[in-house]
Every structure is written in C-alpha cells, then in structure tokens.
Amino acid sequence: MLGLKLNIKKDQSIKILCLGAHCDDIEIGCGGTLLNILEKYENAEVHWVVFSSDTKREREARSSANIFLQRAGSKSVQFEKFRNGYFPYIGEKIKSYFEVLKENVSPDLIFSHYQKDLHQDHRVVSELTWNTFRDHVIFEYEIPKYDGDFNVPNFYVPLGNPVCEYKVKTIIESFRSQVSKHWFTEDLLLSVLRIRGMECASFSKYAEAFYCRKVILNLYEK
C-alpha cells in the first residue's frame, strides 16, 4: 500500500532520497523543506541524485548541494549523464539505474518530480520513482516553467522567512549559468513560495507545496 507512514523521532536517523532530472531541480522544488528537516533531524542521511548534467552544471550543482546539505549527518551526492530532453527515449537505461538505486538505498522519505509535470524528463523520473519505490513516502515537488503546469497541491510545508531567503539566494548564486533565463530570478522563486504560503495560511506567508497521492491514517499500534 502506498501512502504517508512517516513516524520518526527526533533522535532517530531518517533516510531521505532526493531525485532531480536536472541540476537545480531539487533545490527549487524542495530545498526549503529539506533545510527544515535537516535542522530538526541531526542524524539525517541524504542521498541526492541528479540524472542529467554536464561538467559546468555539475560543478554548480555540487556546490549548491553541499550548501543545502551542510546539516546532514551523512550525504551521498551523485550526478549522472543521461541525455537532457531525451528521457522518454532512453527509459530502459534510466529504469535500470533505478533498479540499482533501489538495492543501495531504502529511504524513509523521497522527493521527486510531479507526475503531471509538462517536462518530459521530469515525468519519466516521477513515473520510475513510483514504479521502483512502491511502499514509500513520496512527495512530488513542482518546478515553475514557461509551460504553465502548476496544479492544485495537497501537501504544504510552511517555511520561515530566513529559510526562504537562504534557499533563493543559494540557488541564484550557485547556478550562474542560468541567470540569462527569464524565469530564473529571485522574485519569481519567492512568488511561488508566497502563493503556496497563502494557500495554506502559513505563519510566515511562505511555503513549499507538494503532491501526495495517498495518505494513510493508522489508528492502530502494533
């Protein structure tokens, strides 16, 4: 059964798997939530996987990941070279990679792409996440883009102003190769957080939002 079954005490270790099709996807989609989790769970073990990168983008993304994961108890940061934009056509190779990943990582919580994301690479990663990790807590994050594919999320994480500012500043300063893109600006990234904060009446006005396909309310203890 799929669903939300996360019940971990503060002094326990939590294993987190972050999946992103491209460099900067993870930071944009769930960076603030990850920062909050790592502040609370000192023994967190984070596995961070980016499926498509080149030398320049990997250098930027590795620096960014190290900043976001400073508080992690342990971390593994991996960058793969699957061809950008072609994920649906090389799905067998990516599927094989997921099978190896499953043998090496058994996460308590997974962050991945939204199933209805209009970017083809994002959809493939989302589909294979659910296909591979069939009994795990999976939060699907959103990425702003020209296509306009935002939907109605059902899971919100309010974020304090310092976390939002830190997240956005780190993204903008880390990924200098993206500054020429019209959407890659501080005000846009903050606007997404502000809209989601409004939708959940966040104490700070800001929040990240996710799509959780199934939630289980278990009132019985073993």
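Summary of the structure given here. Since the structure is predicted, the reported quantities are computational estimates derived from the model, not experimental observations.

The subject of this paragraph is the pattern of salt bridges. Under the defined criterion, the tally for this structure stands at twelve salt bridges. One salt bridge in this structure joins Arg57 and Asp24, with 3.7 Å as the shortest N-O distance. Taken together, the residues span a long stretch of sequence, with Arg57 in helix α2 (residues 55–68) and Asp24 in the loop between β1 (15–22) and α1 (25–40) at a distance of 33 residues. Look at Arg57 and you get buried, because its relative accessible area is 15%.

Right, let's talk about a nonpolar patch on the surface for a bit. A surface patch of nonpolar side chains, amounting to about 470 Å² of accessible area, comprises Leu217, Leu219 and Tyr220. A residue is classified by how much of its surface remains accessible, and Tyr220, at 71% relative accessible area, is exposed.

This part takes up the pairing of β1. Among the eight residues that make up β1, seven are buried, leaving the element largely enclosed by the rest of the structure. Relative to strand β2 (residues 45–52), β1 runs parallel, the two being bridged by seven bridges. Bridge assignment links Lys15 to a residue of β2, and that residue is Glu45. Each parallel crossover has a hand, and for β1 linked through α1 to β2 it is right-handed.

This next bit is on the sheet that holds strand β4 (residues 109–113). Strand order in the open sheet formed by seven strands is β3-β2-β1-β4-β5-β7-β6, with mixed pairing between adjacent strands. Unpaired on one side and paired on the other, β3 (74–79) and β6 (155–158) mark the two borders of the sheet. Taking each pair of neighbouring strands and ignoring which way they run, the sheet shows an average axis angle of 25 degrees. Here β2 runs beside β3; their pairing, made up of six bridges, is parallel. Bridge pairing links Val46 to Lys75 in β3. Its contacts with the sheet put α2 on β2 and β3, and the angle it makes with β3 is roughly 165 degrees.

Volume-wise, the largest pocket comes out at about 390 Å³. As for the largest pocket, its lining consists of 19 residues, of which His22, Arg57, His119, Gln178 and Lys181 are closest to the centre. Looking at the lining of the largest pocket residue by residue, the classes come out as five nonpolar, seven polar and seven charged.

What counts as what
- Residues numbered from 1 in each chain as written.
- Predicted model: local features only at pLDDT ≥ 70, side-chain atom pairs only at ≥ 80, totals over all residues.
- Heavy atoms only, no water.
- Salt bridge = Lys/Arg side-chain N within 4 Å of Asp/Glu carboxyl O.
- Helix = DSSP H or I, 4+ residues; strand = E, 2+ residues; numbered from the N terminus.
- Buried < 20%, exposed > 50% of the residue type's maximum accessible area, 1.4 Å probe, protein only.
- Patch = residues over 30% accessible without salt bridge, like charges linked within 9 Å, V, L, I, M, F, W, Y side chains within 5 Å.
- Areas by Shrake-Rupley, 256 points an atom, 1.4 Å probe, with all protein chains shown as cover.
- Pairing = 2+ DSSP bridges.
- Right-handed = clockwise from strand over helix to strand, strands pointing away.
- Axes fitted to C-alpha atoms, helices over the stretch in contact; angles between N-to-C directions.
- Contact = heavy atoms within 4.5 Å.
- 1 Å grid on protein atoms, 1.4 Å probe; cavity = no way out; pocket = protein on both sides within 12 Å on 5 of 7 lines; lining within 4 Å.
- Points joined across faces, edges and corners; volume = space filled by probe spheres on them.
- Nonpolar A, V, L, I, M, F, W, Y, C, P; charged D, E, K, R; others polar.

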